[in-house]
There are 2 protein chains.
Amino acid sequence: MKKNVTIKDIAKELGVHHTTVSLALRNSKSIREETRKKVWDKANEMGYRPNRLAQGFRNKRSNTIGLLVPNIQHHFFAKFIAEFSEKANQEDYAVMVFQSNEKLATEKKNVEALIANRVAGALVSISKETIEANHFKAFNEEDIPLVFFDRTPTQTGLSRVVADNFHGAYQAVSQMIGKGRKRIAFITGSSHINVYHERLQGYQQALIDHGLPLNEELLIYGDFFMEDGIKGAKKLMQLSPQPDAILGVGDDVAIGVIKFLNGAGYKVPDDVAVIGFDNDPMGIAIEPELTTVDQPIKEMAESALQLLLKNINSDDKKPEEILLTPRILERKSC
Amino acid sequence: MKKNVTIKDIAKELGVHHTTVSLALRNSKSIREETRKKVWDKANEMGYRPNRLAQGFRNKRSNTIGLLVPNIQHHFFAKFIAEFSEKANQEDYAVMVFQSNEKLATEKKNVEALIANRVAGALVSISKETIEANHFKAFNEEDIPLVFFDRTPTQTGLSRVVADNFHGAYQAVSQMIGKGRKRIAFITGSSHINVYHERLQGYQQALIDHGLPLNEELLIYGDFFMEDGIKGAKKLMQLSPQPDAILGVGDDVAIGVIKFLNGAGYKVPDDVAVIGFDNDPMGIAIEPELTTVDQPIKEMAESALQLLLKNINSDDKKPEEILLTPRILERKSC
């Protein structure tokens, strides 16, 4: 094991005070450019490595951002984590990742773990079991900035970054209507989750605005897996008259719908048009390729990081909401 | 902001020495069960929260494990991160995630960031640009245990957890041969990556063992995207005679192959059998559903954590290699 090079070692080598070295390595403006460069050159030459753990301890806060999601494997969250951690790393923050596995009890434990690790800030998307947000107050008690994204509690007064789910569903249904569809079904998840609730409202508003009736039998509540799409489509195609378009609350559901329709001998989109949500890569594997509401994941990750950094670096922590617009990605299923 | 409850506050309330509280909260065996319970009850009542950052600083090491992968979004790594972080959390470790984005320069920066954060141990899968492992010596210099998984450097003397890629490809080709296929093609990635090199060797050995010739024209080197499968299949189907089976180095490649074959009017598996690697959910979206070599990701994550914890908690850090066996997941494409 190599001996760790300390700031004092560098100071001794250069014959300057250790505070000068410390300030120079933090690129402080109180240090002349010439000195700063000299210190950095010597530090590199000696193999100095900053100790974030010690810095974090001194500042009573780490340079780590905590990211808590329901499910790391789901394409939406995997892509979000990838985009977010890349940007955070560029800003010199490390990202600690936790998943609730859609369980409230695990989410509560994760909140305690994030606090125990004294993260500089937390970014959270809630589990499907989470109805209220009381367990997140712990962040506030510990003065840790908190931003929600995608799935957020319904309470007001929270900072959040979300896609305009209402608008996404509204656009999808409008596109179906534009292609002559009149009996448009929607297979959705539990409506206590903001994301699904807003998509349902967008679906209904688009029907109303185009003078189409809201038909209870065309609305199926399930979960958000492929299996839910298969079951939902089977039930819908037993109706008389049958639907001529089906919106899935996510791509998994929409792909289940197409699989059922293909297997049962229906033609997509001629008999039934299908649109999903999320631009999951699975949508390219299915035939016909899935038209989907593409969420601006990269922009969501960037906005969430900027909002969190603003809260970390300033005392002004008033809640802020950022709404980003999804767009339809046209492929072959509608 | 609520005042943090300290160990001394709890000790004062209970009228005991703070060392007693400290030992009790660490569930030390030197403390009587009755006392331990009393301390925990009081700590919970007072809203005590452990400070891992301070603990880490005192121990000169955090309770954080660093996980560095080429691409968080790829299904294999997303699932690995999910499985690994869940197990690590149960052992009271937090997981810090970095991605190299398949770039050597980013991988080097990530190594420095992991060291700066004084992770207790690091788990790494290398980028496709990484040929040698010198930049990982920094972990050793800092006395940070390091385990590689999946994609690993070829050097000896490293700890690693890998699937038996040779055996996986061998099984896949044997299954094709068992179904009467004689002209079996392989679309693979750069052979300097251990994973791809071993799959190539497994493919070749299976052909040799079954008395089939190694045919250069049936071997296509590309990358590991769907596009490589589409291009590779197009080239292969121009041969005369055509192949009657195609093995893809990953599911993305295999799905590209099926998409090309479906589009060009070939029947899968009657005209051409197809097998992939990884059990990506995309394989269920394609028609026919993809037969694939399913990697034991959960077991890999568990073994990697156990090996890393062993290295963290003991001074005996001799390199160890764990090889896990993949199995064929039979669906409809072979």
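Residues numbered from 1 in each chain as written. Chains lettered and ligands numbered in written order. Predicted model: local features only at pLDDT ≥ 70, side-chain atom pairs only at ≥ 80, totals over all residues. Heavy atoms only, no water.

Trainee: Even after reading the chapter, I still don't get the sheet that holds strand β10 (residues 291–294) of chain A, so can you show me in this structure?
Mentor: Residue and element names in this part refer to chain A. What the 6 strands build is an open sheet, ordered β7-β6-β8-β9-β10-β12; its pairing is mixed. Because the sheet does not close on itself, it has two edges, and the strands there are β7 (219–221) and β12 (327–329). Ignoring which end each strand starts from, the neighbouring axes of this sheet average 20° apart. Packing against the sheet, helix α9 (residues 194–209) makes contact with β6 (184–188), β7 and β9 (273–277), and its axis sits at approximately 175° to β6. The strands touched by helix α10 (residues 226–236) are β6, β7 and β8 (245–248); relative to β6, the strand with the most contacts, the crossing angle is about 145°. (Pairing = 2+ DSSP bridges. Helix = DSSP H or I, 4+ residues; strand = E, 2+ residues; numbered from the N terminus. Axes fitted to C-alpha atoms, helices over the stretch in contact; angles between N-to-C directions. Contact = heavy atoms within 4.5 Å.)

Trainee: Could you clarify how one ought to interpret empty space enclosed by the protein in this entry?
Mentor: One simple way to see leftover space: roll a probe sized like a water molecule over the atoms. Residue and element names in this part refer to chain B. Following the criterion strictly, the structure yields 2 cavities of 30 Å³ or more and no others. Counted as a void, the largest cavity has a volume near 200 Å³. Listing elements by their share of the lining of the largest cavity, those giving two or more residues are α5 (75–90), α9 (194–209) and α11 (251–263). Ranked by the residues each element gives to the lining of the largest cavity, the list is headed by α9, at 3 residues. Looking at the lining of the largest cavity residue by residue, the class counts come to 6 nonpolar, 4 polar and 7 charged. Looking at the lining of the largest cavity, you find at least three residues from each of domain 2 (60–163 + 297–325) and domain 3 (165–294). (1 Å grid on protein atoms, 1.4 Å probe; cavity = no way out; pocket = protein on both sides within 12 Å on 5 of 7 lines; lining within 4 Å. Points joined across faces, edges and corners; volume = space filled by probe spheres on them. Nonpolar A, V, L, I, M, F, W, Y, C, P; charged D, E, K, R; others polar. Domains from an automatic or database assignment.)

Trainee: Just checking my understanding: could you explain the domain arrangement of chain A for this structure?
Mentor: Interfaces are often sized by the amount of accessible area the parts lose when they come together. Taken domain by domain, chain A holds domain 1 (7–50), domain 2 (60–163 + 297–326) and domain 3 (165–294). Centre-to-centre, using C-alpha coordinates, domain 1 of chain A lies 35 Å away from domain 2 of chain A.

Trainee: Looking at this model, I keep getting lost on the pattern of salt bridges. Mind explaining?
Mentor: Think of it this way: side chains of opposite charge can pair up when their charged atoms draw near. Per the counting criterion, the structure on display carries 30 salt bridges over all chains. The salt bridge involving B:Lys259 is made with A:Glu287; its shortest N-O contact spans 3.5 Å. With one member in each of two chains, B:Lys259 in helix α11 and A:Glu287 in the loop between α12 (282–285) and β10 form a pair that bridges those chains. With a shortest N-O distance of 2.8 Å, B:Lys128 and B:Asp223 are connected by a salt bridge. Pair noted here: B:Lys128 is in the loop between β3 (121–124) and α7 (137–141) and B:Asp223 is in the loop between β7 (219–221) and α10 (226–236), with a separation of 95 residues, a long-range link. The class for B:Lys128 is partly exposed, based on a relative accessible area of 24%. (Salt bridge = Lys/Arg side-chain N within 4 Å of Asp/Glu carboxyl O. Buried < 20%, exposed > 50% of the residue type's maximum accessible area, 1.4 Å probe, protein only.)

Trainee: Just to check I follow, could you spell out helix α13 (residues 297–313) of chain B for this structure?
Mentor: In an α-helix, one full turn covers 3.6 residues, which means residues spaced three or four apart are oriented alike. All names here are of chain B. Taking 1.5 Å as the rise per residue, α13 with 17 residues should run 24 Å; its terminal C-alpha atoms sit 24 Å apart, in good agreement. Of the positions making up α13, those classed as buried are Ile297, Met300, Ala301, Ser303, Ala304, Leu305, Leu307, Leu308, Leu309 and Asn311. Where α13 is buried, its residues contact β1 (64–69), α5, β3, β4 (146–149), β5 (160–163) and β11 (321–324). (Expected span 1.5 Å × (residues − 1).)

Trainee: Explain the packing of aromatic side chains to me, please; I cannot follow it from the model alone.
Mentor: Note on aromatic pairs: each is described by the distance of the centres and the angle between the planes. According to the stated counting rule, one finds 18 aromatic pairs over all chains in the structure shown. With 6.2 Å between their ring centres and 75° between their planes, A:Phe77 and A:Phe149 make a pair best called edge-to-face. Here A:Phe149 lies in strand β4 (residues 146–149) and A:Phe77 lies in helix α5 (residues 75–90), a separation of 72 residues in the sequence. Residue A:Phe77 shares its accessibility class with A:Phe149, and that shared class is buried. Ring geometry for B:Phe80 versus B:Phe149: centroids 3.9 Å apart, planes at 15°, classification stacked. With a gap of 69 residues between them, B:Phe80 in helix α5 and B:Phe149 in strand β4 connect regions that are remote in the sequence. Accessibility expressed as a relative area gives 0% for B:Phe80, which makes it buried. Judged by relative accessible area, B:Phe149 falls into the buried class, the value being 0%. One aromatic cluster in this structure is built from A:Phe76, A:Phe77, A:Phe80, A:Phe84 and A:Phe149. (Phe/Tyr/Trp six-rings, centres within 6.5 Å; stacked < 30°, edge-to-face > 60°.)

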